[in-house]
Amino acid sequence: MAVAEAQLYAKVSNKHRGRSTSALLEPLLAKGFPAHIAQKALVATGQKTTEDAVKWLHSHCNDPSLDDPIPQEYALYLCPTGRLHSRLQDFWRESKRQCGRNRAHEVFPHITLCDFFTCEDQKVELLYDILKRVSDSFSQSFPPSISLTLHASPSYLGFFIDDSQANILKEFAVAFSSEASALADCHVKPSLKQFHLTLAHRFYPHHQKTLEQLAKCINPGEPCQWVAALYSRDMRFVHYQRLRALFQYKPQNIDELMINAGDLIYVDPTQQSNASEGWVIGTSHRTGCRGFLPENYTEKAHESDTWVKHREYVFDTASRPFPKAEKEPNVKLNGEAHNLSLSRSVTNVLSLQNAALRRGVLVMRHGERVDQVFGKSWLQQCLTADGKYYRADLNFPSSLPRQKDSMKQFECDPPLSSCGIFQSRLIGEALLDQEVTVSYVYSSPALRCVQTAQHVLQGLKLNQKVRIRVEPGLFEWTKWEASRAIPNFMTVAELVEASYDIDTSYRVTFPLSSLVPSESYEDYVSRSSAVIKQITTACLSKGVILIVGHGSSLASLTRALAGLPSRDSRDFAQTVRKIPSLGMCFCEEQKEEDKWQMVNPPVKTLTHGANAAFNWRNTILED
């Protein structure tokens, strides 16, 4: 950016973009809104325009908390812009893709000047004045460039700020907090610890090396203007999870939440016990309303996605001389210099690492099971008086495979629904479209899992070419599915007789007789770890190992394979509740580092809505 352009940008940015609060408030009062609610709307929208506030008020017309006098929380951050910000965003994306989310991904790149504090709605404009006044007074002493030193530990990775420059930033933070405390009646604490810009936090120790390699691709000497920005958040939802709606959902019951694509939802993990499988209770950020919503209509969002930016001050350092940069800028890692080439990028590191990938493990939950739709008594709905099966609804399978024992065994070992069969074949076709090479297929002995594997193979056009290895060790945690007795699964001979492509030569790792009812969580985790180790040891050919199991399989098998510690049983149960039919996790082998890493599955997820039973006579002819 040219010096003249930078100066002009700074002048424009440092002016109040909106009118004064009183000028914004008067039109709202004229429309009949109470003063305290109008103030609340202005604060919730960053006091930009009256139009934004009116739109917020209309959206929150049914918000039960609209009259609550709860103030927002505010924080003052120093944020990079320009090319340095772009490089940091590249790191954010790649670190998330390669190592999964960590705590740093919740917020954009920043240096904390003053952590969150509360301020009454009618006094927020004072904070804007204080920010501009203090920033103006520090504009000439603000460092022309900020020296960043990379620091790494087993749970933290980030840039530390040079002491002399950090002292100026601390003085700035203290000045802001002092004036805010005195004039706006806020209790503001300036950050006085080691100033830092976090890259990764609370990650697994075995990801440290990968994260450091990615961090070394960031040149901290990239051109950058620093911006002091004031953000707010709703203090009621500080400890909530945030979801983003992928699709619109129109409520079908009075206790359900209306959501539009892009809506942000607050979800309290401690209040989900009353929600049915596949549903969550959430509060809409857009409307303030609360209700049930389908979890597979959402994805995880970041904490800062729900924050509001109020005002910012751009420090104009472009007109001041910068120290001459070396031809090959250095990044210091814990005090040790590492040479960087400007041409080196995150993509280079990625391509080098991908060269080591050899095998993949795709763990998949089975398709929609018939009792998931019609309840535990589904079999009673489709048996004639003489005990013969008939199709009472098109979503019942057209027939049931023959078993030597009573058909009652299907109550404990239910098959797929017709939709489940279609889902499974669709996934197989998607894998075929992506040219995924499936070399081995393993399945839990549960009929729904065997059927899912069979139809996925049909979609892949691999039926009779790759045969299914039925492994009892892949069965569900028996505390959930077999608390009293292990189901009488169809035998290998019965499955073959029913035309399933079964590998009859396969020797199981865990015999069926080794499964015990109501096993402990520790025993289940141990069983899962042993099974996945045995499978990956036995399957050495290149290609994908497909494992069809249960919702719990995605968590227990992949975490063990990636070397991640198991969750405690309560967190484990919460996680499994969120896994839909045909949910998938994918691990790739990084042979050079002798480890497996979780990455995006090769195909997209499958999302669809509910379709309730319909009786034309009761509905159309009903008066």
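Nothing here was measured: the structure is a model prediction, and the numbers come from that model. (Residues numbered from 1 in each chain as written. Predicted model: local features only at pLDDT ≥ 70, side-chain atom pairs only at ≥ 80, totals over all residues. Heavy atoms only, no water.)

Comments concerning unusual backbone geometry
Part 1 of the reasoning: Despite not being glycine, Q47 shows a phi value in the positive range, around 50°.
Part 2 of the reasoning: Counting through the fold element by element, Q47 comes out in the loop between α3 (35–44) and α4 (50–59).
Part 3 of the reasoning: Even without being a glycine, S518 presents a positive backbone phi close to 50°.
Part 4 of the reasoning: Note that S518 resides in the loop between α14 (492–497) and α15 (521–538). (Helix = DSSP H or I, 4+ residues; strand = E, 2+ residues; numbered from the N terminus.)

Some points on the sheet that holds strand β11 (residues 298–300)
Part 1 of the reasoning: On the basis of which strands lie adjacent, the open sheet formed by 5 strands has the order β10-β9-β8-β7-β11 and antiparallel pairing. Across the chains shown, the open sheet's two edge strands, defined by having one partner strand only, are β10 (290–294) and β11. Averaged over neighbouring strand pairs, the angle between their axes works out to 45° when direction is ignored. (Pairing = 2+ DSSP bridges. Axes fitted to C-alpha atoms, helices over the stretch in contact; angles between N-to-C directions.)

Things to note about helix α11 (residues 418–433)
A turn of α-helix holds 3.6 residues, and therefore any two residues three or four places apart point the same way.
Part 1 of the reasoning: For α11, with 16 residues, the first-to-last C-alpha span of 23 Å sits near the 22 Å given by 1.5 Å per residue.
Part 2 of the reasoning: Positive phi appears at E435, one or two residues downstream of α11, with a value of about 55°. (Expected span 1.5 Å × (residues − 1).)

A closer look at the nonpolar core
Part 1 of the reasoning: Judged by nonpolar contacts, the single largest core of 53 residues is most densely connected at L78, L127, L157, F176 and L199.
Part 2 of the reasoning: Residue contributions to this core peak at 7 residues, all from helix α6 (residues 124–138).
Part 3 of the reasoning: In terms of nonpolar packing, the next biggest core, distinct from the first, is built from 45 residues, V370, L400, V470 and V544 among them. (Core = buried A, V, L, I, M, F, W, Y, C linked by side-chain atoms within 4.5 Å. Buried < 20%, exposed > 50% of the residue type's maximum accessible area, 1.4 Å probe, protein only.)

Here we look at the pattern of salt bridges
Side chains bearing opposite charge may pair, as long as their charged atoms lie close to each other.
Part 1 of the reasoning: For the coordinates displayed, the defined rule picks out 23 salt bridges.
Part 2 of the reasoning: R103 is the salt-bridge partner of E303, the closest N and O atoms lying 3.1 Å from each other. Remark: R103 occurs in the loop between α5 (82–99) and β2 (111–119) and E303 occurs in the loop between β11 and β12 (308–314); sequence separation between them is 200 residues.
Part 3 of the reasoning: Look at E303 and you get buried, because its relative accessible area is 8%.
Part 4 of the reasoning: Here the salt bridges do not stand alone but share partners, grouping E73, R103, R233 and E303 into one network. (Salt bridge = Lys/Arg side-chain N within 4 Å of Asp/Glu carboxyl O.)

Points about the side chain of R559
Part 1 of the reasoning: With respect to the secondary-structure elements, R559 resides in helix α16 (residues 551–561).
Part 2 of the reasoning: Despite its burial, R559 remains without a salt bridge, the nearest opposite charge being carried by D571 at 8.6 Å. (Lys, Arg positive; Asp, Glu negative; His and termini not counted.)

Section: the environment of Q597
Part 1 of the reasoning: Take Q597: it is sitting in strand β20 (residues 595–599).
Part 2 of the reasoning: In this structure Q597 comes out as buried when scored by relative accessible area, which is 5%.
Part 3 of the reasoning: Each C-alpha atom of the pair Q597 and L564 lies 9.9 Å from the other, and the pair is 33 residues apart in sequence.
Part 4 of the reasoning: The contact partners of Q597, leaving out residues within four places of it in the chain, are Q98, C99, F586, C587, E588 and Q590. (Contact = heavy atoms within 4.5 Å.)

Some remarks on the pairing of strand β18 (residues 543–549)
Part 1 of the reasoning: Of all 7 residues in β18, 7 are buried; the element is thus mostly enclosed.
Part 2 of the reasoning: Relative to β18, strand β16 (residues 438–443) runs parallel, the two being bridged by 5 bridges. Across the sheet, residue S443 finds its bridge partner in β18, namely V548.

What about the sheet that holds strand β1 (residues 72–80)?
Part 1 of the reasoning: Here 4 strands make up an open sheet; going across it, the order is β2-β1-β6-β12 and the pairing antiparallel. A strand with exactly one partner marks an edge of an open sheet, and here the two such strands are β2 and β12. Ignoring strand direction, the axes of neighbouring strands in this sheet form an average angle of 20°.
Part 2 of the reasoning: Taken together, the 6 bridges between β1 and β2 define a ladder with antiparallel strand orientation. When the sheet's bridge partners are listed, Q72 is paired in β2 with C119.
Part 3 of the reasoning: Each of β1, β2, β6 (226–233) and β12 touches α6; the most contacted strand, β12, lies at about 20° to it.

A word on the side chain of R469
Part 1 of the reasoning: Structurally, R469 is set in strand β17 (residues 468–470).
Part 2 of the reasoning: One polar contact links R469 to D503, side chain to side chain, over a distance of 3.4 Å.
Part 3 of the reasoning: Once residues within four sequence positions are removed from consideration, R469 is found in contact with Y440, V441, Y442, S443, D503, Y506 and C539. (Polar contact = N/O pair within 3.5 Å; in protein donor to acceptor, adjacent residues only side chain to side chain.)

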